[in-house]
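Observations on chain architecture
Given next are the chains, with one letter for each unit.
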Amino acid sequence: MKPFIAAFLILLLVIGCSTEDHFSVDRDNLALLPDQKDYLETDYGTQEIANEIGGVYHSSIGLVVYDEETRTKPVLYLTRGTTEITIKPLESGAVEISYQNFSTNIMPLRMSLTIKGLLEKRNDTIFIRGADGKVRTKPNKEMPIGTPLPESDDAAFERAYITKDKKMGMLIDLMLPIPVKALVRAQKLD
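**Some points on unusual backbone geometry**
Excluding glycine, most residues fall at negative phi; most peptide bonds, likewise, are trans. Even without being glycine, Asn101 reaches a positive phi, approximately 55°. Looking at where Asn101 falls in the secondary structure, it is placed in strand S3 (residues 95–102). Of note in this structure, Asn123 is not a glycine but carries a positive phi near 55°. Tracing the sequence through the fold places Asn123 in the loop between strand S4 (109–122) and strand S5 (125–129). For Asn123, a relative accessible area of 78% corresponds to the exposed category.

So, in structure tokens, the structure goes:
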């Protein structure tokens, strides 16, 4: 019986170590992917609105921790700091909203965010919606941390708008491992 079990284990080992590729032959065929120009160079027809709101905004950003289960109920208001937010109009009529190295006195990280948004104007308010934002962090030199740095490629606007007097409000779900959202209030610099 032992020789049978040994032969069976060797057979399993040979099958497990075989170099035969079990993936589809089309796996690495990039020609089968959709043409990126179809969704990266779309003309949204909102260039005028994008140019109107483009520029630099002085902002106050507060970080709020939400409940882990639903991410809808604020649990703890952490800290607030100021930074400049840049809104860059894109050829497509969309905008790219970003801030770099945001930090506060008690925050052990410097956080940068870039997110693209689509625009819609209703009356005297411009609404922005977007997803797939990138959040990157790096340690603050004065306050090093001993855990891996949180990052995300899924940040999204929950609410974002700009009024006729160039005031902006945003709630951004940063989609970090901790359910933290950024509450932004900003005013365009002239």
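**Brief notes about the packing of aromatic side chains**
What describes a pair of aromatic rings is the distance from one ring centre to the other and the angle between the planes of the rings. For the structure on display, the rule yields one aromatic pair. Both rings, one in Tyr99 and one in Phe102, keep their centres 6.0 Å apart while their planes meet at 75°; by these two values the pair is edge-to-face. Taking relative accessible area as the criterion, Tyr99 reaches 1% and is therefore assigned buried. The class for Phe102 is buried, based on a relative accessible area of 1%. One Lys or Arg, Arg122, reaches over the ring of Phe127 and ends 4.3 Å from the middle of that ring. In this structure, Lys181 is placed above the aromatic ring of Tyr66, and the distance from its NZ or CZ to the ring centre is 4.2 Å.

**As for the pattern of salt bridges**
Per the stated rule, a full pass over the model turns up six salt bridges. Across the salt bridge formed by Asp153 and Arg136, the nearest N and O atoms sit 2.6 Å from each other. One end of the pair, Asp153, is in strand S7 (residues 152–162); the other, Arg136, is in strand S6 (residues 133–139), with 17 residues separating them in the sequence. Given the relative accessible area of 31%, Arg136 is considered partly exposed.

**Examining the environment of Tyr66**
Note that Tyr66 resides in strand S1 (residues 55–66). Each C-alpha atom of the pair Tyr66 and Leu76 lies 7.0 Å from the other, and the pair is ten residues apart in sequence. Beyond its immediate sequence surroundings of up to four residues, Tyr66 is in contact with Arg71, Thr72, Lys73, Pro74, Val75, Leu171, Pro179 and Lys181.

**Let's talk about the pairing of strand S9 (residues 180–188)**
With nine bridges joining them, S1 and S9 adopt antiparallel strand pairing. Looking across to S9, one finds that Ser60 is bridged to Arg185.

**Describing the pairing of S7**
Here two bridges tie S5 to S7, and the two strands are oriented antiparallel to one another. By the bridge assignment, Phe127 is partnered in S7 with Tyr161. In this sheet, S7 lies alongside S6 in antiparallel orientation, the contact comprising two bridges. Counterpart to Gly133 in the pairing with S7 is Ala155. The pairing of S7 with strand S8 (residues 167–173) spans six bridges and is classified as antiparallel. From the neighbouring strand, Ala160 faces S8, where its bridge partner is Met170. Where S7 folds back on S8, the antiparallel hairpin that results is connected by four residues, among which Lys166 adopts a positive phi of roughly 65°.

So, how was this worked out
Residues numbered from 1 in each chain as written. Predicted model: local features only at pLDDT ≥ 70, side-chain atom pairs only at ≥ 80, totals over all residues. Heavy atoms only, no water. Helix = DSSP H or I, 4+ residues; strand = E, 2+ residues; numbered from the N terminus. Buried < 20%, exposed > 50% of the residue type's maximum accessible area, 1.4 Å probe, protein only. Phe/Tyr/Trp six-rings, centres within 6.5 Å; stacked < 30°, edge-to-face > 60°. Lys NZ or Arg CZ within 6 Å of the ring centre and 35° of its normal. Salt bridge = Lys/Arg side-chain N within 4 Å of Asp/Glu carboxyl O. Contact = heavy atoms within 4.5 Å. Pairing = 2+ DSSP bridges.

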